[in-house]
Amino acid sequence: MSIRTRIAISLLAVVTVMLLAFSLLIYLWLKSAEYNAFNKRLSERGHNTAVVLEEVKEVDSALLRVIDRSTLNPRRNEYVKILDPAGREVYTNLDKTNEPIPDSTLIRRIGEEKEYRFSEGGLDAIGLHYHSPAGERFIVAYAYDDARAGFLANLRSILIWGSLIILFIAMATAYFISGKALRPLTRLNRQVRDVNDRSLAHVTRVPDPVSKDEVGELASSFNDMLQRLQEAFDQQKQFIRYASHELRTPLAAVTSQIDLALQQDCSPEAYKELLFSLQEDHDRLSRLVT
C-alpha cells in the first residue's frame, strides 16, 4: 500500500470517528430536547385541564370532556385523568375501558416527585401533583408523540446521508491533498531510478517546494547530493584525462627509443645509454602509478 493511500485512509478514519461522534451527539441532544418539549406540553395540558375543572365554576366534567374531545388529538391518543389522594377518579376525558388504571405506587411516586415522567403502553406519560381549592389532586396525562417519531426518523436520514456525503468528499480531498504533498517524492523516486554516471549531468533537479517542510528538506538534500555526485564524477573524469596524458608521455618516449634502437645497429655504449633512459622512464611510470 502506498504512502498516499495510507495517509488518505488515516485521515478518513479520523474524520469518520469525529463525524460519528458529532452526529451521535447531535442526535441525542435533539432527541432529548424534543422529549423535554413534548413533556412540557403534556404537563401544561394536564395542568390546564385541572385548573379549568377545579377553578372555573362555569365548567363541569361533562362540559370539559366535550371541550377536550374536540381539542385533543385522537391520533396521538391524548387523554388526561385527575385523581384524588385515595385514587378515585375525579375526571377523565375518555372512556374508562381505554384508560390505564394508576395504582397506589404511581400516586405515591407523583406525590414524592411532584412531576413524574414515565411510559406506559407505548405512550409517554407525566404525573403532576396539584393543590386545588377542593383539595389535593393527582393529574396523569398520556399521549403518543408522533411528531417526535417523524422528526427523529428524518433526523437519522439526514445524519446518515450527510455523513456519507461528507466522508466521500473527505476521502477525495484527502487523496488529492496527500498526492499533492507527496508529488516531490514521486518525482524524486522517478529521478533516482534514472541516475547513473552517464545521465547524471542531464538529470533535472527537483524544484524546491515553497514550504520548508520535511518534503522540501528532502528535495533540497537530493539536489545537493546530485550536485556532489556530479562534481565527484567531473573530478574523476578530469583525473582520468590527466593520468592518461601523464602515462602516454613516458610510454611514447619508450616506444620511440625502442623503435630507433631497432632500426640501427648501435654500440654497447649506445645500448647502455638507451637502457638508462628506459630505466628513467620506468621509474617515472612507477611513481605515477603509485
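Structure: see above.
Everything quoted here is computed from the prediction, not taken from an experiment.

What counts, and where the lines are drawn
- Per-chain numbering applies: the sequence of each chain, read as written, is numbered from 1 onward.
- Under the rules for a predicted model, residues below a pLDDT of 70 receive no local features and side-chain atom pairs below 80 are neither given nor counted, while totals for whole chains, interfaces and linings still include all residues.
- As a rule here, side-chain values cover all heavy atoms of the structure and leave hydrogens and water aside.
- The secondary structure listing takes helices from DSSP runs of H or I that are at least 4 residues long and strands from runs of E that are at least 2 residues long, numbered from the N terminus.
- Burial here depends on accessible area, computed with a 1.4 Å probe over protein chains only, as a share of the maximum for the residue type. Under 20% is buried, over 50% is exposed, and the range in between is partly exposed.
- For the purposes of these results, a polar contact is taken to be a pair of N or O atoms within 3.5 Å, where, inside protein, one atom must be able to donate a hydrogen and its partner to accept one; residues adjacent in sequence count only when each atom of the pair is a side-chain atom.
- Pairing between strands is defined by DSSP: at least two bridges between the two strands are required.
- Axes, fitted as lines to C-alpha atoms, cover a helix only where it is in contact. Angles between the N-to-C directions of the axes lie from 0 to 180 degrees.
- Residues enter a patch when their relative accessible area is above 30% and they make no salt bridge; the linking distance is 9 Å between like charges and 5 Å between nonpolar side chains (Val, Leu, Ile, Met, Phe, Trp, Tyr).
- Per-residue and other accessible areas were derived by the Shrake-Rupley procedure at a 1.4 Å probe size, with only the shown protein chains allowed to occlude residues.
- By salt bridge we mean one thing: a side-chain nitrogen of Lys or Arg within 4 Å of a carboxyl oxygen of Asp or Glu.

(A) The arrangement of the environment of Ser132 in detail. Structurally, Ser132 can be placed in strand β4 (residues 123-132). Its relative accessible area of 10% is what places Ser132 among the buried residues. Through-space distance from the C-alpha of Ser132 to that of Ala50 is 8.1 Å; in sequence the pair is 82 residues apart.

(B) Looking closely at the side chain of Ser163. Along the chain, Ser163 turns up in helix α4 (residues 146-181). Overall, Ser163 belongs to the buried group, its relative accessible area being 11%. There is a polar contact of 3.4 Å between the side chain of Ser163 and the side chain of Ser23.

(C) Representation of the pairing of strand β1 (residues 79-83) in the model. The buried count for β1 comes to five of five residues, which makes it a mostly enclosed element. Neither face of β1 is left uncovered, since the one carrying Tyr79, Lys81 and Leu83 and the one carrying Val80 and Ile82 both have all their residues buried. The pairing of β1 with strand β5 (residues 135-143) spans five bridges and is classified as antiparallel. Looking across to β5, one finds that Leu83 is bridged to Phe138. As paired strands, β1 and strand β2 (residues 89-92) are joined by three bridges and run antiparallel to one another. Among the inter-strand pairings, Leu83 is bridged to a residue of β2, identified as Glu89. Connecting the antiparallel pair β1 and β2 is a turn made up of five residues, with Gly87 showing a positive phi of about 90 degrees.

(D) Spatial organisation of the pairing of strand β3 (residues 115-120). Here β3 runs beside β4; their pairing, made up of six bridges, is antiparallel. The partner of Glu115 across the bridge, within β4, is Leu128. The antiparallel hairpin formed by β3 and β4 contains two residues in its connecting segment, where Gly121 sits at a positive phi of about 60 degrees.

(E) View of the sheet that holds β1. Ordered by their spatial adjacency, five strands build an open sheet running β2-β1-β5-β4-β3, and the pairing between neighbours is antiparallel. The strands lining the two open edges of the sheet, one partner per strand, are β2 and β3. Neighbouring strand axes in the sheet, compared pairwise and without regard to direction, differ in orientation by 20 degrees on average.

(F) A look at a nonpolar patch on the surface. Together, Leu247, Leu251, Leu288 and Val289 make up a nonpolar patch on the protein surface, roughly 330 Å² of accessible area in all. Elements represented by at least two residues in the nonpolar patch include exactly α6 (214-262) and α7 (268-289). Within the secondary structure, Val289 is located in helix α7. A residue is classified by how much of its surface remains accessible, and Val289, at 67% relative accessible area, is exposed.

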